[in-house]
Amino acid sequence: VFWATWCPFCHRHNKNIQALQLKLPAQGPRILGVAVDGPPQKVRQFAQREGYTFPITDSVDVLRALLGVGKTLPTTCVVGPRGDVRQRIPGEMFAEDVFDLVKAAT
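As the structure is a computational prediction, the values presented were derived from the model and not from experiment.

Thresholds, definitions, all that
- Residues numbered from 1 in each chain as written.
- Predicted model: local features only at pLDDT ≥ 70, side-chain atom pairs only at ≥ 80, totals over all residues.
- Heavy atoms only, no water.
- Helix = DSSP H or I, 4+ residues; strand = E, 2+ residues; numbered from the N terminus.
- Rg over C-alpha atoms; globule rule 2.2 N^0.38 Å.
- Contact = heavy atoms within 4.5 Å.
- Lys, Arg positive; Asp, Glu negative; His and termini not counted.
- Charge placed at Lys NZ, Arg CZ, Asp CG, Glu CD.
- Buried < 20%, exposed > 50% of the residue type's maximum accessible area, 1.4 Å probe, protein only.
- Arc of directions from axis to C-beta.
- Salt bridge = Lys/Arg side-chain N within 4 Å of Asp/Glu carboxyl O.
- Polar contact = N/O pair within 3.5 Å; in protein donor to acceptor, adjacent residues only side chain to side chain.
- Axes fitted to C-alpha atoms, helices over the stretch in contact; angles between N-to-C directions.
- Parallel < 35°, antiparallel > 145°, perpendicular 65-115°, else oblique.
- Left-handed = near helix turned anticlockwise from the far one by under 90°.
- Nonpolar A, V, L, I, M, F, W, Y, C, P; charged D, E, K, R; others polar.

**Student:** Just to check I follow, could you spell out the overall build of the protein for this structure?
**Tutor:** When you go through the protein residue by residue, the secondary structure sums to four helices and five strands. N-terminal to C-terminal, the α/β element order of the protein is β-α-β-α-β-α-β-β-α. Taking 106 residues into account, the globule formula puts the C-alpha radius of gyration at 13 Å, and the protein, at 13 Å, falls close to it. Seen along its three principal axes, the alpha-carbon backbone of the protein occupies a region of about 35 × 30 × 25 Å. Long-range pairs, those at least 24 residues apart, make up 58% of the contacts in the protein between residues at least 6 apart in sequence. Computed over 13 positive and 9 negative side-chain charges, the inter-centroid distance for the protein is 3 Å.

Right, dumping it as structure tokens:
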């Protein structure tokens with residue numbers, strides 16, 4: 001999920017992403033947050049304060065290019081086990097839609 005610390009839509013969206021993170025089986029799909037605003041220390045502090053336990057990277061340009069993501073925040077991508085991009089979902093998602101992402105990833 002591509003997100004920013006300043007984005008109110010991302011805050012609500014990431015609460016649902018975090019809830020999904022807590023329900024994923026140890027050997028199941030994985031979540032990766034991509035913070036589009038830095039510096040990394042600011043993002044880490046924000047994520048810790050919000051209680052995010054999913055891994056977060058700031059490799060924005062590389063991942064945007066690989067996944068074909070524009071500038072809409074948040075944007076959620078579902079990548080299959082072989083690295084194939086199955087979905088690109090721009091914008092905030094409802095909790096039930098976030099939980100359905102597991103089906104798309106497996």
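Having put the structure on the table, let's press on.
**Student:** Help me out: how do you make sense of helix 4 (residues 95–105) in this one?
**Tutor:** Three- or four-residue spacings in an α-helix give side chains the same orientation, since the helix completes a turn every 3.6 residues. Every buried residue of helix 4 is accounted for by V98, L101 and A105. For helix 4, the buried positions fall inside an angular range of 25° around the axis, keeping them on one side. Opposite its buried face, helix 4 presents the exposed residues E96 and K103, each directed more than 90 degrees away.

**Student:** Even after reading the chapter, I still don't get the pattern of salt bridges, so can you show me in this structure?
**Tutor:** Between side chains of opposite charge, a pair can form when the charged atoms approach closely. By the definition in use, this model includes four salt bridges. Among the ionic pairs, R86 bridges to D84, the shortest N-O distance being 3.0 Å. For R86, a relative accessible area of 35% translates into the label partly exposed.

**Student:** Can you help me understand helix 3 (residues 60–67) in this one?
**Tutor:** Those residues of helix 3 not exposed but buried are V60, L63, R64 and L67. For helix 3, the arc enclosing every buried residue in end-on projection is 105°, short of the 170-degree limit, so these residues lie on one face. For helix 3, exposure combined with an orientation more than 90 degrees from the buried face picks out D61, V62, A65 and L66. As for helix 3, its buried residues are in contact with strand 1 (2–3), strand 2 (33–35), strand 3 (56–57), strand 4 (75–79) and strand 5 (85–90).

**Student:** Honestly, the side chain of T76 in this entry has me stumped. Any pointers?
**Tutor:** Structurally, the position occupied by T76 is in strand 4. Within the local environment of T76, its side chain forms a polar contact with the side chain of H13, the two groups lying 2.8 Å apart. In this structure T76 touches V1, H13, Q87, R88, I89, M93 and L101, once residues within four positions along its chain are discounted.

**Student:** Would you explain the environment of T76 in this entry?
**Tutor:** Judged by relative accessible area, which is 4%, T76 ranks as buried. Residues T76 and R12 lie 64 residues apart in sequence; the distance between their C-alpha atoms is 13 Å.

**Student:** So what exactly am I meant to see when it comes to the packing of helix 1 (residues 8–23) against helix 4 here?
**Tutor:** The description of two helices packed together rests on the angle between their axes and the distance between the axes. In contact at an axis separation of 9 Å, helix 1 and helix 4 are set at 40° when each is read in the N-to-C sense. When the axes of helix 1 and helix 4 are compared, the pair comes out oblique. Here helix 1 runs over helix 4; the crossing is right-handed. Contacts from H13, N16, I17, A19, L20 and K23 in helix 1 reach A95, V98, F99 and V102 in helix 4. Here the residues of the contact of helix 1 with helix 4 are counted per class, giving seven nonpolar, two polar and one charged.

Interpretation in functional terms is not warranted from these geometric data alone.
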